[in-house]
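What follows is the residue order along each chain.
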Amino acid sequence: MELKKQIQALGEEAKKLISEAIDIEKLNQIRVEFLGKKGKLKNILKTLGKLSPEERKEIGQLANKIKEELEQLLKGRQEELKKKALEEELSKNKIDITLPPHWIEAGASHPVISTLIEISETFISMGFSVAEGPEVEKEEYNFDMLNIPKDHPARDMQDTFFLNNGDVLRTHTSPVQIRTMLKQKPPIAVIAPGRVYRKDADPTHSPMFHQIEGLLVDENVTFRDLKGILKVFLETTFGKDIPIRFRPSYFPFTEPSAEVDIGCTVCGGKGCRVCKGTGWLEILGCGMVDPNVFKAVDIDPDKYTGFAFGLGVERIAMLKYRITDIRLLFTGDLRFNHQFKGIR
Ligand code: PHE
């Protein structure tokens, strides 16, 4: 039967073209050419009308069979070509997954700076504002106007870094008291955080360290005000239950003067190596502003009183985070620093 052969030949031709097709576009062309509405198979089937019903049935079944076969083949070949295209694409854009990533470590503030900011915020929340002064300071502001006499041992070459022009690297933040009172008249409530320098280097002393100075001047300021403010600060920093004691002391620029101790944060007051068996840790110096200091900055000591305090930031950070060697804070070792990520 002529028609049967024609359809089979058509099938063979299409199969060959499908297997040779090199891209999806070519496959689509073949589909249209053979199986489309105006395709070759449809054209042949148009002549079916001339046949007997039996023949028509037979040819119809054959045509359907071939149509299904071709559709299967087209589908299969299409998958193959897609896969091949993807593989080609991947081999063109090779990514070396063994390369190390561009790792950007998130930064964090240093534990000393975190502590400094935290303490500052406590005082700011009580109404203090922040004052600043230079680290290279006039000897006059660092010593003389603070009522520190010319022959005071602190001025010794052994303790103070002197510059060739006679200036000093400030040995404490107290000169900011002088600078503030020269500029501003009472009421005054400032803190002065910053770097200070002393010729000292051992496990608990660093030649550069940080202090926070406090100064409050107004009419009728008393020692009770000083105690109240410091109590708030210490309880905020070390917790509500921290034992606090004021111990009489001496500073040339305050009278009376005191040093403040807190219960040892390591042994809880029982006595250990850190508190040298006393159960107490010295935490800051303070006192009522000496009238001689007021006179030096032209503030009337009969009208105004005030208090001042100075605390060491590293010391507080060390007690808070139980760091036993101050030098760890300044080596810049990231393995150390990263332990304090997120304390603020
Ligand atoms: N300046 C003192 C020191 O560095 C601390 C202090 C400041 C004491 C203010 C009393 C008042 O040791």
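This structure is a prediction, so every number in the text was calculated from the model and none was measured.

A. Structural detail: the packing of aromatic side chains. Taken as a whole, this structure holds 8 aromatic pairs when the rule is applied. On the basis of an interplanar angle of 55° and a centroid distance of 5.0 Å, the ring pair of F336 and F340 is categorised as tilted. Each member of the pair, F336 together with F340, is buried. Through successive ring pairs, a cluster of aromatic residues spans F123, F128, F233, F307 and F309.

B. Here's a closer look at the site of the ligand. Close to the ligand lie 14 residues; H172, S174, R198, Q211 and G310 are nearest. The side chain of H172 places a nitrogen or oxygen atom 3.0 Å from a nitrogen atom of the ligand. Side-chain polar atom of R198 to an oxygen atom of the ligand: 2.9 Å apart, as the coordinates give it. In the complex, 89% of the free accessible area of the ligand, which totals 330 Å², lies under the protein chains. At the level of secondary structure, the elements contributing two or more residues to the shell around the ligand comprise strand 5 (208–218), strand 8 (280–289) and strand 9 (305–312). Among the elements that make up the shell around the ligand, the one with the highest residue count is strand 9 (3 residues).

C. Here's a closer look at the pairing of strand 8. Counting buried residues in strand 8 gives 8 out of 10 residues, a clear majority hidden from the surface. Note that strand 7 (residues 254–263) and strand 8 share 8 bridges and pair antiparallel. Pairing of G263 across the sheet is with W280, part of strand 8. Bridge count between strand 8 and strand 9: 5 bridges; the pairing is antiparallel. Bridged to L284 within strand 9 is L311.

Cut-offs and rules
Residues numbered from 1 in each chain as written. Predicted model: local features only at pLDDT ≥ 70, side-chain atom pairs only at ≥ 80, totals over all residues. Heavy atoms only, no water. Phe/Tyr/Trp six-rings, centres within 6.5 Å; stacked < 30°, edge-to-face > 60°. Buried < 20%, exposed > 50% of the residue type's maximum accessible area, 1.4 Å probe, protein only. Near = heavy atom within 4 Å. Polar contact = N/O pair within 3.5 Å; in protein donor to acceptor, adjacent residues only side chain to side chain. Areas by Shrake-Rupley, 256 points an atom, 1.4 Å probe, with all protein chains shown as cover. Helix = DSSP H or I, 4+ residues; strand = E, 2+ residues; numbered from the N terminus. Pairing = 2+ DSSP bridges.

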